[in-house]
Amino acid sequence: MARRRHREELARLADEDLLVLADRDQAAFEALYDRHVRVAYSLAIRLLGDRQAAEDLVQEAFLAVWRGSTKYSQARGSVRTWLLSIVHHRAIDRLRQSSAMDRRQEALEEEARAQRAQDTADTAIGRVEAQAVRSALAGVPSDQLEVIRLAYYGGLTQQEIAEQLSLPLGTVKSRMRLGLERMRRNLGGGEVATA
Amino acid sequence: MSGHDEIRELLAPVALGAATPEEEQTVEAHVRRCDACAGELAELRSAVGELAVEAPQVEPPPELRRRVMDAVRAEIDSRPAPLRPARRGALGWLRPWPVVAALAVAVAALIGWNVALQRGNGGEGRVVAVASPAGASGTVRFLDDGGAVVRVRNLPALGPGRAYELWTIRGGKPRSEGFASVGPGGEVVVSAADLAGASAMAITPEPLGNVRAPTGAQVVVIPL
């Protein structure tokens, strides 16, 4: 019973508080896991195109968060942002390491087919969140979005994007910066900058 | 290559993971010294993180949860003994808490908490305000079901692995009521489920996981 009460208390805590507790209190870490595993796993699958590899990566990322919990600083952004950036960073590293970039391309295409089936499995909350992001993206000019997506999902550097799109490097840089700044404003992170 | 404007140009590619390792290192070194760029990078990363929601959401398998938790447990078990969370009954003792047993001494030895400046009846239960010359202040709300919620602001931040812990004292013996970390504004909120038989509540800074007896200085003592 005390255990249930403890879990109810944990459910009211912010991610950052759970992380402080996570080093000594496994229930706090479990609460954090339950909150964010879905989006982390979905991102890993989207990037790697393989369920087993995605599971391994998510396990690795959560362990990295747990091990780093005592060193976490809010200056790095929210716990969720931190977790997702670990997933993203490591997935991109893997993609870049594997010489078979085309294998990834195949995987992405295959996964795009699977996605259409999975879309129906989206929960209502997932859909609302996804919709918020899509509308934030909708305000971003498509040439800027293209550059952002190639970087984020394709793991391409600015130089590689410039080559792939036959654009001057300077154009890629400015599209990336303007697009991302627009996204930040659309997602509500811009008030700080304008205040 | 460390001009402020040049660094700002790099924030977007770093946030997106599209920078070269050298560029990433340059930016990381810069944001350690520049709060403005650090803040901007954090916001850009947060926007980038939301791209993850754009990916079709897939339910992770339940085995993954077990695997992750097993891995965490294995790491806890392999830690050197002093870092392990206290195991129930490991030592079988419960130290009396002399300072609390002599509460008057305890209060004098504190960092100057003055209790019960005002009493009121807003909302559920009785509310007692507390304040200290050091600038911390807060309330204790005694709930109708016998519990209490203690809310204190302006408490000093604690280092990693530490949090404020609420104790109830019965017959000079402390009982842990739970931990709370310091939120914005130095705010700590902790609750006790049942005050029956308790002579005092106290809040101390403790290493997380310590539930046997207080070890830290008492920053709040509330005689009941």
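Thresholds, definitions, all that
Residues numbered from 1 in each chain as written. Chains lettered and ligands numbered in written order. Predicted model: local features only at pLDDT ≥ 70, side-chain atom pairs only at ≥ 80, totals over all residues. Heavy atoms only, no water. Helix = DSSP H or I, 4+ residues; strand = E, 2+ residues; numbered from the N terminus. Buried < 20%, exposed > 50% of the residue type's maximum accessible area, 1.4 Å probe, protein only. Contact = heavy atoms within 4.5 Å. Buried area = accessible area lost by both parts, 1.4 Å probe. Salt bridge = Lys/Arg side-chain N within 4 Å of Asp/Glu carboxyl O. Pairing = 2+ DSSP bridges. pLDDT = per-residue confidence, 0-100. Core = buried A, V, L, I, M, F, W, Y, C linked by side-chain atoms within 4.5 Å. Domains from an automatic or database assignment. Phe/Tyr/Trp six-rings, centres within 6.5 Å; stacked < 30°, edge-to-face > 60°. Lys NZ or Arg CZ within 6 Å of the ring centre and 35° of its normal.

Let us now look at the overall build of chain B. Helix and strand counts for chain B stand at six helices and nine strands. Buried residues in chain B amount to 45% of all 224 residues. The contacts in chain B between residues at least 6 apart in sequence include a share of 53% that link residues at least 24 apart.

Among the secondary structure elements, A36 of chain B is positioned in helix α3 (residues 35–50). Linking A36 of chain B and R8 of chain B, residues 28 residues apart in sequence, is a C-alpha distance of 9.9 Å.

Moving on, we come to the interface of chain B and chain A. Size of an interface: often given as the accessible area lost when the parts come together. Residue-level contacts link 55 residues of chain B with 67 residues of chain A. Carbon and sulfur atoms supply 58% of the area that chain B and chain A bury against each other, a total of about 5900 Å² over both sides. A per-residue breakdown of the area chain B buries against chain A is headed by E54, Q57 and V58 of chain B, which together make up 12% of the total. Inspection of the chain B/chain A interface yields nine salt bridges. The closest approach of N and O atoms between R38 of chain A and E59 of chain B, which form a salt bridge, is 2.9 Å.

What follows deals with the pairing of strand β4 (residues 148–153) of chain B. Residue and element names in this part refer to chain B. Of the two faces of β4, the one holding A148, V150 and V152 is buried and the one holding V149, R151 and R153 is not buried anywhere. Here strand β3 (residues 137–142) runs beside β4; their pairing, made up of six bridges, is antiparallel. Directly across from F142, in β4, lies its bridge partner A148. With five bridges joining them, β4 and strand β7 (residues 188–192) adopt antiparallel strand pairing. Each residue of the ladder has a partner; that of V150, found in β7, is V190.

All names here are of chain A. The pLDDT averaged across chain A works out to 79; a share of 73% of its residues lies at or above 70. Considering each helix and strand of chain A separately, the mean pLDDT is smallest for helix α11 (residues 191–194), with a value of 38, and largest for helix α4 (residues 51–67), with 94. In the model, residues 120–125 has pLDDT below 50 throughout and makes eight contacts with residues more than four positions away in sequence or in other chains. Long-range and interchain partners of residues 189–195, a stretch whose pLDDT sits below 50, account for six contacts in this model, where long-range means more than four residues apart.

Take the nonpolar core next. Counting residues in hydrophobic clusters, the biggest one holds 84 residues, and the most contacted among them are F62 and L180 of chain A together with L16 of chain B. Looking at which element gives the most residues to this core, the answer is helix α3 (residues 26–48) of chain A, with 15 residues. Each of domain 1 (2–103) and domain 2 (139–195) of chain A gives at least three residues to this core. In this view, L16 of chain B contacts H88, I148, A151, Y152, M176 and L180 of chain A together with V48 and L51 of chain B; residues no more than four positions away in its chain are not counted.

Residue and element names in this part refer to chain A. According to the stated counting rule, one finds three aromatic pairs over all chains in the structure shown. Taken together, a centroid distance of 6.3 Å and an interplanar angle of 80 degrees make the contact between F29 and F62 edge-to-face. Placement of the pair is F29 in helix α3 and F62 in helix α4, with a sequence separation of 33 residues. On the basis of relative accessible area, F29 is assigned to the buried category, the value being 1%. Where Y33 meets F62, the ring centres are 4.8 Å apart and the plane angle is 50 degrees; that geometry is what we call tilted. Taken together, the residues span a long stretch of sequence, with Y33 in helix α3 and F62 in helix α4 at a distance of 29 residues. Given a relative accessible area of 2%, Y33 falls into the buried group. For F62, a relative accessible area of 2% corresponds to the buried category. Ring-pair connections join several aromatic residues into one group, and the members of that group are F29, Y33 and F62. Across the ring face of Y153, the terminal group of R46 is positioned such that the distance to the ring centre comes to 4.1 Å.

Looking at chain B, pLDDT values average 73 and 72% of them are 70 or higher. Reported for the predicted complex are a pTM of 0.59 and an ipTM of 0.77.

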